[in-house]
Amino acid sequence: MAPTPNTKDMANAIRALAMDAVQQANSGHPGAPMGMADMAVALWGDHLSHNPTNPNWMNRDRFILSNGHGSMLIYALLHLTGYKLPMAELKNFRQLHSKTAGHPEFGITPGVETTTGPLGQGITNAVGFALAEKLLATEFNREGHTVVDHHTYVFMGDGCLMEGISHEAAALAGAWKLGKLIALYDDNGISIDGQVAPWFIDNTAQRFVAYGWNVIGPVDGHDAAAVSAAIAQAKAGTDNRPTLIISKTHIGKGSPNRANTSKAHGEPLGAEEIKLTREAIGWSHAPFVIPKEVYGDWDAKEKGKAAEAAWNDKFAAYKAAFPELAKELVRRMKGDLPKSFVQTAVDTVIAAHQKGETVASRKASQLALESFTAALPELLGGSADLTGSNLTNTKSTPNLRFDALTGAVVTNEAGQGGRHINYGVREFGMAAIMNGVALHGGFIPYGGTFLTFSDYSRNAIRMAALMKLRVVHVFTHDSIGLGEDGPTHQSIEHAASLRLIPNLDVWRPADTAETAVAWTVALQNKSKPTALLLSRQNIAYIAKTDSAVSPDASGLDAISKGAYVLAEPSDAGLKKKAQAVIIATGSEVQLAIAAQKVLAERKIAVRVVSMPSTTTFDLQSSEYKSAVLPAGLPRVAVEMGSTSGWWKYGTAAVVGLDTYGESAPAPVLFKHFGFTADNVADTVEQVLRK
């Protein structure tokens, strides 16, 4: 792209819209979009393959604005290129129910691929997008039929690179040789506190070379032609390395008094400075007015339709040659489970119920995964260097590996690549990469670590919940039951805190059947992530009626409703109506059953309710909840963790743990902290005396 008046006006249109929208909202970040405007002209004008009339076209390039505070950049681009984002939405920037939120939000604004704002997560999502593209291309492309073939582009700033997650993501991108990942670094040297030089002295180029990236630049980020040439060079690379393009820019470019200062970062320029900026850049148009010829230069609708039409022709030929592959690719990208899934799930749950094995729930998870990974090729597993502890691998999911020379996915004789990822000790990176994989489509990602390390992953878990993504977190070693590793590794508050995240489904199953049901629900949840909290220690299978695992008239089995009546007084040999209810989760359910027997010997009748998922139970009808937890019966909850979340169920007492654990064998700890049948029974008896 040679510099022309057109490209200058195209960039200035972005600057003007950013200034005007932030000023009208009296809130926002004008500096970043003003500084990245020429970079956007280069990418969106010359290279990005997309169709504004169909934002969900399967083979589109993905664009991620990792420095999401510069949201007016992407809103301006979507509006100018022809997406359904009218000027009225730009004028409504940062206002209630607008499609132009303070940070870009997936599912709200057409053309926004991921929700960004927490810095570093956008570039990490991008690694997930690029990984998904590479794996799908390996799995589905055939000689002469390249139907999965697109790039992932990401803009990012100094803040993204300062966040530690960018190290985790970039290292993996280099190891995985994601050659279609191209990151453009907006190197303006300014953050909220001013010039970054005193506290950000990294040699970014050398850092990314060390990760195994191709590094281009620095280039002049205000020379659209230079940036475009750098992108072309990156796309032409044949060594399968991801590329970082370092683009030197000026924050607030064009503003006479705010450019190159932190004053351009997070506040409106002000009416007088906007007037001066318009004069300085030669933009004489009124606020929110874009000349017809500039719209014409930006309009990507016809070009996008042509690109999609050409791909549709390719896909039609592919479908004719490989009808089953084409059908499978479409299913996977839609996120639909195969028709056989329901039967697979029923068989898996019933088999677990009939076998009644005594295993840790982490092992129960692996047993369920053996069935589900064999039936669902879209399941893409992994672990943060704890595979042997999390048990996230199965016979159907060999380790994912890449050829050291070519970067190609290593495949078996059937042409299949690995489906289990060794993320290394990178919990946060793993969680955010899984979000990117889910956003791309074609896979259902799951990944494992210890529950206590969910703290490292928490913001990415929250982002998955916010974006309504089907991502599954396998969190093992869920309590003091892990024993000698001590309080640093013993989860106390984690179950309660995860349950507080809106739209996150949290399961703490008690045995193999409950674990199989938890996995079934997780895989069916197209619009929410799931956290499975699993034990290290063995848990005896708890006898239950067939009705607990058999679907009722609503099509759900009792377990899948989050809580169910596991045992009545008669199951403990007492022919009396229940006087109290014991509610328990996970490994403590067997403790509740043991306490029920102790109480029966004391002629005290209790009902035991297993509540593997408080988040699911809370969504049930009031009638069902009342049937499980009848009014008038005192309730005692039992869980090896924080008691805070249990009082909402009207409990009279909670046998829990509001202190940190200790280092000792698990049986010693259980006795020390009162997790014994006698203590639970005594607690129930004390409640009844009151």
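Read on for an overview of the structure. (Residues numbered from 1 in each chain as written. Predicted model: local features only at pLDDT ≥ 70, side-chain atom pairs only at ≥ 80, totals over all residues. Heavy atoms only, no water.)

A short note on the overall build of the chain
- When you go through the chain residue by residue, the secondary structure sums to 25 helices and 20 strands.
- Dimensions of the chain along its principal axes, counting C-alpha atoms only, are 90 × 60 × 45 Å.
- A total of 690 residues make up the chain; the buried ones form 61% of that total.
- A fraction of 78% describes how many contacts in the chain between residues 6 or more apart in sequence connect residues 24 or more apart.
- Within the chain, the 66 negative side-chain charges are centred at a point lying 4 Å from the centre of the 63 positive side-chain charges. (Helix = DSSP H or I, 4+ residues; strand = E, 2+ residues; numbered from the N terminus. Buried < 20%, exposed > 50% of the residue type's maximum accessible area, 1.4 Å probe, protein only. Contact = heavy atoms within 4.5 Å. Lys, Arg positive; Asp, Glu negative; His and termini not counted. Charge placed at Lys NZ, Arg CZ, Asp CG, Glu CD.)

Considerations on the sheet that holds strand β18 (residues 606-610)
- Taking strand neighbours across the sheet as the criterion, the 5 strands line up as β16-β18-β17-β19-β20 in an open arrangement whose pairing is mixed. This sheet does not close on itself; its edge strands, each paired only once, are β16 (564-567) and β20 (651-655). Along the sheet, successive strands turn relative to each other by an average axial angle of 30 degrees, direction set aside.
- The pairing of strand β17 (residues 580-584) with strand β19 (residues 635-638) spans 4 bridges and is parallel. Considered in β19, the bridge of Ile583 is made with Ala637. (Pairing = 2+ DSSP bridges. Axes fitted to C-alpha atoms, helices over the stretch in contact; angles between N-to-C directions.)

Describing the side chain of Ser535
- Mapping Ser535 onto the fold places it in the loop between β14 (530-533) and β15 (538-539).
- Residue Ser535 is classed as buried on the basis of its relative accessible area, which comes to 1%.
- There is a polar contact of 2.8 Å between the side chain of Ser535 and the backbone oxygen of Gln537.
- What Ser535 contacts, discounting residues up to four positions off in sequence, is Ala360, Ser361, Arg362, His477 and Asp478. (Polar contact = N/O pair within 3.5 Å; in protein donor to acceptor, adjacent residues only side chain to side chain.)

Regarding the packing of aromatic side chains
- For the coordinates displayed, the defined rule picks out 17 aromatic pairs.
- Here the aromatic cluster, defined as three or more aromatic residues joined through ring pairs, consists of Trp57, Trp311, Phe315, Tyr318 and Phe322.
- The ring of Phe443 has Arg332 lying over it, and the distance from NZ or CZ to the ring centre is 5.1 Å. (Phe/Tyr/Trp six-rings, centres within 6.5 Å; stacked < 30°, edge-to-face > 60°. Lys NZ or Arg CZ within 6 Å of the ring centre and 35° of its normal.)

Things to note about the sheet that holds strand β7 (residues 243-248)
- Strand order in the open sheet formed by 5 strands is β1-β2-β3-β7-β6, and the pairing between neighbours is parallel. At either end of the open sheet lies a strand with only one pairing partner, and these are β1 (62-65) and β6 (214-220). Between one strand axis and the next, the sheet turns through 15 degrees on average, direction left out of account.
- Looking at chain direction, strand β3 (residues 181-187) and β7 are connected through 6 bridges and run parallel. The partner of Asp186 across the bridge, within β7, is Ser247.

Notes on helix α25 (residues 677-689)
- With 13 residues, α25 should reach 18 Å at 1.5 Å per residue; the first-to-last C-alpha distance of 18 Å fits that figure.
- Along α25, the residues that are buried comprise Ala677, Val680, Ala681, Thr683, Val684 and Val687. Looking straight down α25, one finds its buried side chains confined to an arc of 155 degrees; they lie on one side.
- Here the buried face of α25 lies against β17, α21 (588-601), β18, β19 and β20. (Expected span 1.5 Å × (residues − 1). Arc of directions from axis to C-beta.)

Some words on the nonpolar core
- Ranked by size, the top nonpolar core spans 80 residues in total, and within it Ile480, Trp519, Ile582, Leu629 and Phe675 carry the most contacts.
- Sorting elements by how many residues they give to this core places helix α20 (residues 512-524) first, with 8 residues.
- Look past the residues within four positions of Ile582 in its chain and what remains in contact with it is Ala592, Ala595, Leu599, Val606, Arg607, Val608, Val609, Val636, Val638, Val680 and Val684.
- Among the nonpolar cores identified, the runner-up in size contains 61 residues, and Trp57, Met58, Leu244 and Phe402 belong to it. (Core = buried A, V, L, I, M, F, W, Y, C linked by side-chain atoms within 4.5 Å.)

Things to note about the pairing of strand β12 (residues 472-476)
- Along β12, 5 of the 5 residues are buried, which leaves the element largely enclosed by surrounding structure.
- Where strand β11 (residues 444-450) and β12 come together, 5 bridges link them in parallel fashion. In the strand pairing of β12, Phe450 is matched with Thr476.
- As for the winding sense of the linkage, the β-α-β connection from β11 through helix α18 (residues 454-467) to β12 is right-handed.
- Pairing of β12 with β14, which is carried by 4 bridges, proceeds in the parallel orientation. Bridge pairing links Val474 to Leu532 in β14. (Right-handed = clockwise from strand over helix to strand, strands pointing away.)

Considerations on the packing of helix α7 (residues 164-175) against helix α17 (residues 427-440)
- For the pair α7 and α17, interaxial distance at closest approach is 8 Å and the crossing angle is 70 degrees. The angle between the axes of α7 and α17 places the two elements in the roughly perpendicular class. For the pair α7 and α17, the crossing hand works out as right-handed. Where α7 approaches α17, its residues Ile165, Glu168 and Leu172 are matched on the opposing element by Glu427, Phe428, Gly429, Ala432 and Ile433.
- Residue composition of the contact of α7 with α17, grouped by class: 5 nonpolar, 1 polar and 2 charged. (Parallel < 35°, antiparallel > 145°, perpendicular 65-115°, else oblique. Left-handed = near helix turned anticlockwise from the far one by under 90°. Nonpolar A, V, L, I, M, F, W, Y, C, P; charged D, E, K, R; others polar.)

Quick word on helix α2 (residues 31-46)
- Taking 1.5 Å as the rise per residue, α2 with 16 residues should run 22 Å; its terminal C-alpha atoms sit 24 Å apart, in good agreement.
- By the criterion of burial, α2 is predominantly enclosed, with 14 of the 16 residues buried.

Let's talk about the pattern of salt bridges
- Tallying each qualifying case throughout the model produces 28 salt bridges.
- Look at the salt bridges and you will find they share partners, linking Asp478, Arg499, Arg508, Glu588 and Glu639 into a network. (Salt bridge = Lys/Arg side-chain N within 4 Å of Asp/Glu carboxyl O.)

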